[in-house]
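Each chain, written out:
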Amino acid sequence: MSEDKFNAIIVGGGLAGLSASIVLAKAGLDVLVIERGDECGMKNVTGGRLYGHSLEKIIPNFAEEAPIERKVTKEMISLMTETGALNVTYASDKLSSKPENASYTVLRAKFDSWLAEKAEEAGAEIIPGIRVDDCIVEDGKVVGIQAGEDELYADVVILADGVNSLLAQKLGLKKELEPSQVAVGAKEVIKLSEEVINERFGLKSGEGASMMVDGDPTTGAFGGGFLYTNKDTVSLGVCATLCDIGYTDVSVPKMVDRFANHPAIAPLLEGGEVIEYSAHLVPEEGIHMVPKLYGDGVLVTGDAAGFCINLGFTVRGMDFAIESGRLAAETVIRANTYGNFSAAALSYYEQLINDSFIKRDLDSAKGFPTLLTRREMFTNLPEMVDDIAAKLFTVDGQPDRGIVMYIINSLAEHTTATDLVNMISDVLEAF
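Parameters at a glance
- Residues numbered from 1 in each chain as written.
- Predicted model: local features only at pLDDT ≥ 70, side-chain atom pairs only at ≥ 80, totals over all residues.
- Heavy atoms only, no water.
- Helix = DSSP H or I, 4+ residues; strand = E, 2+ residues; numbered from the N terminus.
- Rg over C-alpha atoms; globule rule 2.2 N^0.38 Å.
- Buried < 20%, exposed > 50% of the residue type's maximum accessible area, 1.4 Å probe, protein only.
- Contact = heavy atoms within 4.5 Å.
- Areas by Shrake-Rupley, 256 points an atom, 1.4 Å probe, with all protein chains shown as cover.
- Lys, Arg positive; Asp, Glu negative; His and termini not counted.
- Charge placed at Lys NZ, Arg CZ, Asp CG, Glu CD.
- Polar contact = N/O pair within 3.5 Å; in protein donor to acceptor, adjacent residues only side chain to side chain.
- Axes fitted to C-alpha atoms, helices over the stretch in contact; angles between N-to-C directions.
- Parallel < 35°, antiparallel > 145°, perpendicular 65-115°, else oblique.
- Left-handed = near helix turned anticlockwise from the far one by under 90°.
- Nonpolar A, V, L, I, M, F, W, Y, C, P; charged D, E, K, R; others polar.
- Core = buried A, V, L, I, M, F, W, Y, C linked by side-chain atoms within 4.5 Å.
- Expected span 1.5 Å × (residues − 1).
- Salt bridge = Lys/Arg side-chain N within 4 Å of Asp/Glu carboxyl O.

Colleague: Just to check I follow, could you spell out the overall build of the protein for this structure?
Modeller: A tally of helices and strands in the protein yields 15 helices and 19 strands. Scaling as 2.2 N^0.38, a compact globule of 431 residues should have a C-alpha radius of gyration of about 22 Å, and the protein matches this with 23 Å. Seen through its C-alpha atoms, the protein measures out along the principal axes to roughly 80 × 50 × 40 Å. Sorting the 431 residues of the protein into buried and exposed places 55% on the buried side. A sequence separation of at least 24 residues applies to 72% of the contacts in the protein between residues at least 6 apart. Within the structure as shown, the protein displays about 18,800 Å² of accessible surface, and the carbon and sulfur contribution to it stands at 50%. Here the protein contributes 37 positive and 65 negative side-chain charges, whose respective centroids are spaced 4 Å apart.

Colleague: Can you help me understand the side chain of threonine 331 in this one?
Modeller: Along the chain, threonine 331 falls in helix 8 (residues 318-338). When its relative accessible area of 1% is taken as the criterion, threonine 331 is described as buried. A distance of 2.9 Å separates a polar atom in the side chain of threonine 331 from the backbone oxygen of leucine 327. In terms of polar contacts, threonine 331 uses its side chain to reach the backbone amide nitrogen of tyrosine 349, at 3.5 Å. Setting aside chain neighbours within four positions, we find threonine 331 in contact with Leu299, Ala345, Leu346, Tyr348, Tyr349 and Leu352.

Colleague: How should I be thinking about the packing of helix 1 (residues 15-26) against helix 3 (residues 108-122) in this particular structure?
Modeller: Helix-helix packing: each pair is described by the crossing angle between the helix axes and the interaxial distance. At their nearest, the axes of helix 1 and helix 3 sit 8 Å apart, and the two run at 15° to each other. Relative to helix 3, the element helix 1 lies roughly parallel. Crossing handedness for the pair helix 1 and helix 3: left-handed. Residues Leu15, Leu18, Ser19, Ser21, Ile22, Ala25 and Lys26 of helix 1 form the contact with helix 3, whose participating residues are Arg108, Phe111, Asp112, Leu115, Ala116, Lys118, Ala119 and Ala122. Residues belonging to the contact of helix 1 with helix 3 are distributed by class as follows: 9 nonpolar, 2 polar and 4 charged.

Colleague: Can you help me understand the nonpolar core in this one?
Modeller: Inside soluble globular proteins, nonpolar side chains tend to come together where they are buried. Within the largest apolar cluster, 81 residues are counted, with the highest numbers of intra-cluster contacts made by Phe62 and Phe111. Examining the composition of this core, we find that 9 residues originate from one element, helix 8, more than from any other. Ignoring any residue separated from it by four or fewer positions in sequence, one finds phenylalanine 111 in contact with Leu15, Leu50, Leu55, Phe62, Ala66, Pro67, Ile68 and Val106. Judged by nonpolar contacts, the second largest core, of 26 residues, contains Ala209, Val252, Ala260 and Ile265.

Colleague: Would you mind going over helix 8 with me for this structure?
Modeller: The end-to-end C-alpha separation of helix 8 is 31 Å, in line with the 30 Å expected for 21 residues at 1.5 Å each. Most of helix 8 sits inside the fold, with 15 of its 21 residues counted as buried. Once helix 8 ends, the next one or two residues include glycine 339, with phi positive near 65°.

Colleague: What is the right way to read the packing of helix 1 against helix 8 from this model?
Modeller: At their nearest, the axes of helix 1 and helix 8 sit 7 Å apart, and the two run at 35° to each other. The hand of the helix 1/helix 8 crossing is right-handed. Mapping the contact onto sequence places Leu15, Ala16, Ser19, Ala20, Val23 and Leu24 in helix 1 and Met318, Ala321, Ile322, Ser324, Gly325, Arg326, Ala329, Glu330, Val332 and Ile333 in helix 8. Considering only residue class, the contact of helix 1 with helix 8 consists of 11 nonpolar, 3 polar and 2 charged.

Colleague: For this particular structure, what's the right way to read the pattern of salt bridges?
Modeller: Between side chains of opposite charge, a pair can form as their charged atoms come close. For the coordinates displayed, the defined rule picks out 15 salt bridges. Here arginine 131 makes a salt bridge to aspartate 133, at a shortest N to O gap of 2.8 Å. Among the residues examined, aspartate 133 registers a relative accessible area of 24% and is labelled partly exposed. Note that lysine 191 and aspartate 232 form a salt bridge whose closest N and O atoms lie 2.8 Å from each other. Placement of the pair is lysine 191 in strand 11 (residues 182-191) and aspartate 232 in the loop between strand 13 (223-229) and strand 14 (233-241), with a sequence separation of 41 residues.

As structure tokens, this is what we get:
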């Protein structure tokens, strides 16, 4: 590896790190990206949905050339019990009418590899297959990184090394993760023909669907299931909050298999072949787990900074990663202009984050971690909705007691008045 000093060294070749490298390289700075995987995207795991607005700022109209799978035009939310599912579907061109409000299903191995190519085209240097063991600190300031016996130096180091950033922990910027702050995400990529996917999900060529599922996929444990349609595959999986895995004796891999074989899901996947399986830690606690974002000569971005929201009906992290990477780069560009990479100078990054949609959206969702630790959301609610729907849609010649009585009876059967009041209170606080 080169012994030259760089303007910036970025640890991690995911969306945050690559976005930062593109902006820095376009500004004429010498930037090095070090990726632990054999190539960018090889280790990166997400459910598979990218909200495109933040990448549009870096690469306008990126979807015209990027290896996206489908543009999402159909949203589905499902409350699922062991035998049934109540699905709510919204389909509209409004979901993708403009580049800045469109979202896409992606496979990270393909997408991150393409983004790495864009970074290299801009002038960034990328070295894959290298693990960074530590940051080099001199007189309290981060001045480079150590990888095995190699030492590389830079004006600033950007940590984009994922949710379990040991480097940020070693520097005292981040505390060790708590089990309540992260989930285990596991998914299968299932091969189906493009024509079969279009037919089964009611899609046209290029259109995509997203499904978020509460209840049975995690057998009542904190978490949920997801399904995304790709071009000729389907991504299906679960996220299970780490602190609650002991609630059920069903392992996470078995949850995925169980979900795939649910009566409401199996027909959609019939004849498909599993071609990929992956698992990863996912940040869950939102604003409550954001660490210190800067220090002398160092910035923290993306999942390493805890920038993620799970709202139940949508999961966001990739757009936060891209935006935080861009803002980290803008901070370094500014610091380079003044030749000052102190913590005081790099605190500009926190100011940019606070003025961005990242802080706004994290703040607006600060009540969701509390809501999503209510057992009723994953057990009572799906069971209650299933019970009401079954009675409402059943015609058997018996007296129809009306939807109001069905709701009242189901509430009485599946929850207590105190639990109901508390759940409603948490819902109102979350929103």
